[in-house]
Amino acid sequence: HENSTDPGKNMAKVLHCNGEHWSVNCPYKGTSMDSKTMMETKANAAAAAAISDPSKTGKYVPPFMKDGGGGPGGKNWGRGRERDDSSAVRISNLSESMTEADLEELVKKIGPHTKMYLAREKNTGLCKGFAYVHFKFRQDAAAAIEVLNGHGYDHLILCVEWSKPQP
């Protein structure tokens, strides 16, 4: 009963070894000729090759393995480029009714800005009392501190200072 097929009939090949026998009876199952083991071996060899020579072209190299890519503890992890906080100012003691348009009106006379952030309460949408403005030029940011610090706006006295860089 071991070989119950006609010799004239074509038999399917076993995936493990391409032999002409049933896969349950394959003598190579579980050995190095087993396709699962061969795939794992190839994957391990490819990973070892990528680690040893990441400069090969045509292969994917994870960012943490690239030169200057940093890593989880690296400087640029998760960011495309370094953020420049050198021309950013923090404006505090703003009223709850402050809007982005009001903030824009307040700083547009001083100089061009690249980004503004007005902190708001999630639930109510009211201003939390502070904002960050990133000016295009550092001298405009210095002028904003000089002009707006101590300036009365909406019955409050504004406090304007250099933004502290985030870690």
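The notes below deal with the structure included here. Predicted model only: the values in this text are computed from it and were never measured.

Parameters and conventions
- Residues numbered from 1 in each chain as written.
- Predicted model: local features only at pLDDT ≥ 70, side-chain atom pairs only at ≥ 80, totals over all residues.
- Heavy atoms only, no water.
- Helix = DSSP H or I, 4+ residues; strand = E, 2+ residues; numbered from the N terminus.
- Buried < 20%, exposed > 50% of the residue type's maximum accessible area, 1.4 Å probe, protein only.
- Contact = heavy atoms within 4.5 Å.
- Areas by Shrake-Rupley, 256 points an atom, 1.4 Å probe, with all protein chains shown as cover.
- Arc of directions from axis to C-beta.
- Phe/Tyr/Trp six-rings, centres within 6.5 Å; stacked < 30°, edge-to-face > 60°.
- Lys NZ or Arg CZ within 6 Å of the ring centre and 35° of its normal.
- Pairing = 2+ DSSP bridges.
- Axes fitted to C-alpha atoms, helices over the stretch in contact; angles between N-to-C directions.

**Some points on the overall build of the protein chain**
Across its full length, the protein chain carries 3 helices and 6 strands. Sequence-ordered secondary structure for the protein chain, helices as α and strands as β, is α-β-α-β-β-α-β-β-β. Here the protein chain holds 167 residues, and the buried ones make up 23% of them. Within the protein chain, counting contacts between residues at least 6 apart in sequence, those at least 24 apart form 49% of the total. As displayed, the protein chain has an accessible area near 12,500 Å², and 53% of this comes from carbon and sulfur atoms.

**A look at helix H2 (residues 100–107)**
Looking only at H2, the buried set comprises Leu103, Leu106 and Val107. Seen along its axis, H2 keeps its buried residues to an arc of 80°; they face one direction. Where H2 is buried, its residues contact strand E1 (88–92), strand E2 (113–120), strand E3 (127–135), helix H3 (138–148) and strand E4 (152–153).

**Observations regarding the packing of aromatic side chains**
Scanning all chains against the criterion turns up 1 aromatic pair. With 5.9 Å between their ring centres and 80° between their planes, Phe130 and Tyr132 make a pair best called edge-to-face. On the accessibility criterion, Tyr132 (24% relative accessible area) is partly exposed. Over the aromatic face of Phe130 sits the side chain of Arg90, whose NZ or CZ is 4.7 Å from the ring centroid. The positively charged end of Arg138 is found above the aromatic ring belonging to Trp162, 4.3 Å away from the centroid.

**A few points about the sheet that holds strand E6 (residues 159–162)**
Read from one edge of the open sheet, 4 strands run E2-E3-E1-E6, paired in antiparallel fashion. In the strand order of this sheet, the two ends are held by E2 and E6, each with one partner. Taking the axes of each pair of neighbouring strands and ignoring which way they run, one obtains an average angle of 20° across the sheet. Across 5 bridges, the pairing between E1 and E3 is antiparallel. Bridge pairing in E3 links Val89 to Val133. The sheet contacts of H2 involve E1, E2 and E3, and relative to E2 the element is tilted by about 140°. On the sheet, H3 packs against E1, E3 and E6 and is oriented at approximately 150° with respect to E6.

**A short note on unusual backbone geometry**
Positive phi, normally seen in glycine, also occurs at Asp154, with a value near 55°. Along the chain, Asp154 turns up in the loop between E4 and strand E5 (156–157). One non-glycine residue, His155, lies in the positive phi region at around 65°. Considering the arrangement of structural elements, one finds His155 in the loop between E4 and E5. Using a relative accessible area of 83% as the deciding quantity, one classes His155 as exposed.

Taken by themselves, the reported measurements are silent on function.
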